[in-house]
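Structural overview
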Amino acid sequence: MRLVIMGPPGAGKGTQAAVIASMLGVPHISTGDIFRANVSQGTPLGVEARKYMDAGEYVPDGVTNAMVRDRLTHDDCRPGFLLDGYPRTVEQVGELNAMLSSAAQHLDGVLELTVDLDEVVARLVRRASEQGRSDDTEDVIRRRLEVYFEQTAPLIEMYRSQGLLVQVDGLGEIADVTGRIVSAFAIED
Ligand code: AMP
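Position numbers for residues count from 1 along each chain, tracking the sequence in the order it is written. Selection of residues for local features in this predicted model requires a pLDDT of at least 70, selection of side-chain atom pairs for listing and counting requires 80 or more, and totals for whole chains, interfaces and linings are taken over all residues. Calculation of side-chain values draws on the structure's entire complement of heavy atoms; hydrogens and water are dropped beforehand.

Brief notes about the nonpolar core
The definition of a nonpolar core used throughout is a set of buried Ala, Val, Leu, Ile, Met, Phe, Trp, Tyr and Cys residues joined through side-chain atoms within 4.5 Å. The buried label goes to any residue with under 20% of its type's maximum accessible area, the exposed label to any with over 50%, and the partly exposed label to all in between, with areas taken from a 1.4 Å probe on protein chains only. In this structure, L72, L83, L96, L107, V110 and Y159 are the most contacted members of the largest nonpolar core, which totals 23 residues. Strands are runs of DSSP state E lasting at least two residues, helices are runs of H or I lasting at least four, and both sets are numbered from the N terminus onward. Elements that contribute at least two residues to this core include exactly β1 (2–6), α4 (61–72), β3 (81–84), α5 (90–102) and α7 (138–161). Ranked by the residues each element gives to this core, the list is headed by α7, at five residues. Only heavy atoms matter for contacts: two residues are in contact if any of them lie within 4.5 Å across the pair. Setting aside chain neighbours within four positions, we find L72 in contact with I29, C77, F81, L96 and M99. Judged by nonpolar contacts, the second largest core, of 21 residues, contains L124, L145, F185 and I187.

With respect to helix α2 (residues 31–41)
Burial in α2 covers these residues: T31, G32, F35 and N38. Along α2, the residues classed as buried sweep out an arc of 130° about the axis, all on the same side. The exposed set on the far side of α2, more than 90 degrees from its buried face, consists of S40 and Q41. In this structure, the buried side of α2 is in contact with β2 (28–30), α3 (44–53), α4 and β3. As used here, the arc belongs to the directions running from the helix axis to the C-beta atoms.

Let's talk about the pattern of salt bridges
Any carboxyl oxygen of Asp or Glu within 4 Å of a side-chain nitrogen of Lys or Arg constitutes a salt bridge here. Scanning all chains against the criterion turns up 13 salt bridges. For E57, the salt bridge is made with R143, and the minimal N-O distance between the two is 2.7 Å. In this pair, E57 is assigned in the loop between α3 and α4 and R143 in helix α7, connecting sequence segments 86 residues apart. A relative accessible area of 29% places E57 in the partly exposed class. What you see here is one network of salt bridges that share partners, running through E57, R143, E146 and E150.

Concerning the site of the ligand
Residues in close proximity to the ligand total 16 residues, the closest being T31, R36, E57, G85 and R88. Polar contacts, as counted here, are pairs of nitrogen or oxygen atoms within 3.5 Å of one another; within protein the pair requires one atom able to donate a hydrogen and one able to accept it, and residues that are adjacent in sequence qualify only if both atoms are side-chain atoms. The separation between a nitrogen atom of the ligand and a polar side-chain atom of T31 is 2.7 Å. A distance of 3.1 Å is found between a nitrogen atom of the ligand and a backbone nitrogen or oxygen belonging to V59. When the free accessible area of the ligand is taken as 480 Å², the share hidden by the protein chains comes to 96%. Proximity is defined per residue: any heavy atom of the residue falling within 4 Å of a molecule or strand makes that residue near it. What sets the accessible areas is the Shrake-Rupley method with a 1.4 Å probe; for residues, cover comes only from the shown protein chains.

Structure follows, in structure tokens:
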């Protein structure tokens, strides 16, 4: 299974992706997690990415695409993967398609977690105090949502028109949302 999970910041993508990836036996590849690991290790990639992350902006496509291209060549991706937070721009969609088609592969589905905007903001504010993420201040949260609606929300229509989109209600208890995803994709757990 080669899947993508989408939805606005705070939709619960990371939490659901981790559970679903382990049910499927595929790696959960979160570009945000990879960037954050690089930031905390102080690598050159982390130093570069941090400038954008702390402002709520996207890391440039060239940097992000190269990182994903490398990650998808690892052996653990042979049975598939669950991409979380990538692609986020039209250019990234094109790059992902190119990466997959050069390996004679394709996406099997794109999961959109739908959420109410007020709920998302409340979750992000809560996460800011629990996890102390430096990109979870109120101004940055607002900017991250704006960037999502400008640059990423249009991808949902692209994937819908390709017949890949599966929408699942992301509101409610974590286990309930997982249950909806499992039935939407007919995953055996
Ligand atoms: P996330 O944890 O997925 O919300 O990502 C946190 C931050 O990492 C985002 O606000 C961006 O600054 C950066 N980031 C993660 N994935 C991407 C991507 N596909 N393209 C550009 N920037 C990204």
